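Here's the letter readout for the chains.
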Amino acid sequence: MYALEVTGLRKTYGNGVEALKGISLTVDEGDFFALLGPNGAGKSTTFKMLCGLLKPTSGNASIVGHDLRHAPSAAKVQLGYMAQKFSLYGLLSVMQNLAFFSGIYGLRKALRRERIDEMIETFELQRYLGRSPNELPLGYKQRLALACSLMHRPPVLFLDEPTSGVDPITRREFWMHINALVRRGVTVLVTTHFMDEAEYCDRVALMYQARLIALDTPDKLKERAATTDCPSPTMEDAFIRLIEVADADGRAAA
């Protein structure tokens, strides 16, 4: 069984704008998988549909065997979602946010208390429990958002540009947490436009102009982009080269 299976996923808005043009992909259980692409490529749109936050125009998707169209509640229980701008409540304290999200995920009584304590210890939130998330340093706000998304121990975790706007030290610390989750068998899917972050992943799906234009391991993508002038391309070189090829193919087909 795949952790994620997507077939022909498409999103078209009423004004005729195609935000996603029929992507298909699979992600194995325990994989660390990235959607890589420039802003506006369709990465966040894809994630929102896979998390049940946005209804697709057509196509199908399933999370750990649960179809998002026909069993959305069962599918959503299987995933955690950390939004790009952190879905935290500024009018609630850090402790109240933890309690709120544990309730959303259906945790009750002793288990709820146990998971909250676990998140406080894991992400070292003790000193900030009475403060608003809006008052936290960005790194701790990021920790809290991740803690809230992991409260129910989901087998699949979606991270939508989780390190956008954070400093290099905070980024490195965040990826230490994520790599620990992957080692424990959690399937992690991340959207990013940072080339170095894509290098952490088992496979990378390169998105451009609402389409999936390449999907492979980072090393294989770099091999595909190798040329006589650039025999050992970086991930950034591969990113630019594969987009140039997609543009050329699009002009030839026009």
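A quick note: this is a predicted structure, and the numbers were derived from the prediction, not measured.

Asks: Describe the overall build of the protein, and please don't skip the residues or the numbers.
Replies: Secondary structure assignment for the protein yields 9 helices and 10 strands. Here the C-alpha atoms of the protein give a radius of gyration of 19 Å, agreeing with the 18 Å that 2.2 N^0.38 yields for 254 residues. Along the longest, intermediate and shortest principal axes, the C-alpha atoms of the protein span 60 × 40 × 35 Å. Across the 254 residues that make up the protein, the buried fraction comes to 48%. Residue pairs in contact within the protein that sit at least 24 positions apart in sequence constitute 65% of those at least 6 positions apart. Here the protein has roughly 12500 Å² of accessible surface; of this, 50% comes from carbon and sulfur atoms.

Asks: I'd like a rundown of the pairing of strand β8 (residues 187-192), residues and numbers included.
Replies: Burial within β8 is extensive, with 6 of its 6 residues counted as buried. Along β8, one buried face is formed by Thr 187, Leu 189 and Thr 191 and the opposite face, lined by Val 188, Val 190 and Thr 192, is buried too. Note: strand β3 (residues 32-36) against β8, 5 bridges, orientation parallel. Note that in β8 the partner of Leu 35 across the bridge is Thr 191. Judged from the 5 bridges that link them, strand β7 (residues 156-160) and β8 form a sheet pairing that is parallel. Counterpart to Phe 158 in the pairing with β8 is Leu 189. On the question of chirality, the crossover connecting β7 to the parallel β8 by way of helix α6 (residues 168-183) is right-handed.

Asks: Run through the pattern of salt bridges, naming residues and quoting values.
Replies: According to the stated counting rule, one finds 12 salt bridges in the structure shown. Residue Lys 43 is joined to Glu 161 by a salt bridge in which the shortest nitrogen-to-oxygen separation is 3.5 Å. Of this pair, Lys 43 sits in helix α1 (residues 43-50) while Glu 161 sits in the loop between β7 and α6, and the two are 118 residues apart along the sequence. In this pair, the class of Lys 43 matches that of Glu 161, namely buried. Taken together, the shared-partner salt bridges in this structure form one network comprising Glu 124, Arg 143 and Glu 173.

Asks: Report on the packing of aromatic side chains, specifying residues and quantitative values.
Replies: A complete count under the given rule lists 8 aromatic pairs for this structure. Each ring, one from Phe 47 and one from Phe 158, has its centre 4.9 Å from the other, and the planes form 85°; the classification is edge-to-face. Of this pair, Phe 47 sits in helix α1 while Phe 158 is found in strand β7, placing the two residues 111 residues apart along the sequence. Residues Phe 47 and Phe 158 agree in their burial class; the two are buried.

Asks: Help me get a handle on the sheet that holds strand β4 (residues 58-63), residues and values and all.
Replies: Strand order in this open sheet of 4 strands is β2-β1-β4-β5, and the pairing throughout is antiparallel. Lying at the two open borders of the sheet, with one neighbouring strand each, are β2 (18-28) and β5 (66-67). Of the strand pairs in this sheet, strand β1 (residues 2-12) and β2 are connected by 8 bridges, and their pairing is antiparallel. Following the sheet pairing, Leu 9 is matched in β2 by Ile 23. α1 rests against β1, β2 and β4 of the sheet, and its axis sits at about 115° to β1.

Asks: A description of the environment of Phe 86 should follow, citing residues and the corresponding values.
Replies: Relative to the helices and strands, Phe 86 is located in the loop between β6 (79-82) and α3 (94-104). A relative accessible area of 13% places Phe 86 in the buried class. Along the backbone, Phe 86 and Leu 215 are 129 residues apart, and their C-alpha atoms lie at a distance of 28 Å.

Asks: A description of a nonpolar patch on the surface should follow, citing residues and the corresponding values.
Replies: A contiguous nonpolar patch, built from Tyr 89, Phe 100 and Ile 104 and spanning about 280 Å² of accessible area, is present on the exposed surface. With respect to the helices and strands, the residue Phe 100 is situated in helix α3.

Asks: Any chance you could break down the side chain of Thr 170 for me, citing the residues and the numbers?
Replies: Considering the arrangement of structural elements, one finds Thr 170 in helix α6. At a separation of 2.7 Å, a polar atom in the side chain of Thr 170 contacts the side chain of Asp 167. Once you skip the residues sitting within four places of it in the chain, Thr 170 turns out to touch Gly 139 and Gln 142.

Asks: Explain the side chain of Gln 142 to me, and be specific about the residues and the numbers.
Replies: Mapped onto the elements of the fold, Gln 142 is located in helix α5 (residues 138-150). The residues contacting Gln 142, other than those within four sequence positions of it, are Met 82, Phe 86, Pro 162, Thr 163, Val 166, Thr 170 and Phe 174.

Asks: Describe the sheet that holds strand β10 (residues 211-216), naming the residues involved and giving the relevant values.
Replies: Strands sit in the order β6-β7-β8-β3-β9-β10 across an open sheet of 6 strands; the sheet is mixed. Both edges of this open sheet fall to β6 and β10, since each of them pairs with a single strand only. Strand-to-strand twist in this sheet, taken as the mean axis angle between neighbours without regard to direction, amounts to 15°. Relative to β7, β6 is paired through 4 bridges, and the arrangement is parallel. Of the residues in β7, the one forming a bridge with Gly 80 is Leu 157. Strands in contact with α5 are β6 and β7; relative to β6, the strand with the most contacts, it is inclined by about 160°.

About the cut-offs
Residues numbered from 1 in each chain as written. Predicted model: local features only at pLDDT ≥ 70, side-chain atom pairs only at ≥ 80, totals over all residues. Heavy atoms only, no water. Helix = DSSP H or I, 4+ residues; strand = E, 2+ residues; numbered from the N terminus. Rg over C-alpha atoms; globule rule 2.2 N^0.38 Å. Buried < 20%, exposed > 50% of the residue type's maximum accessible area, 1.4 Å probe, protein only. Contact = heavy atoms within 4.5 Å. Areas by Shrake-Rupley, 256 points an atom, 1.4 Å probe, with all protein chains shown as cover. Pairing = 2+ DSSP bridges. Right-handed = clockwise from strand over helix to strand, strands pointing away. Salt bridge = Lys/Arg side-chain N within 4 Å of Asp/Glu carboxyl O. Phe/Tyr/Trp six-rings, centres within 6.5 Å; stacked < 30°, edge-to-face > 60°. Axes fitted to C-alpha atoms, helices over the stretch in contact; angles between N-to-C directions. Patch = residues over 30% accessible without salt bridge, like charges linked within 9 Å, V, L, I, M, F, W, Y side chains within 5 Å. Polar contact = N/O pair within 3.5 Å; in protein donor to acceptor, adjacent residues only side chain to side chain.

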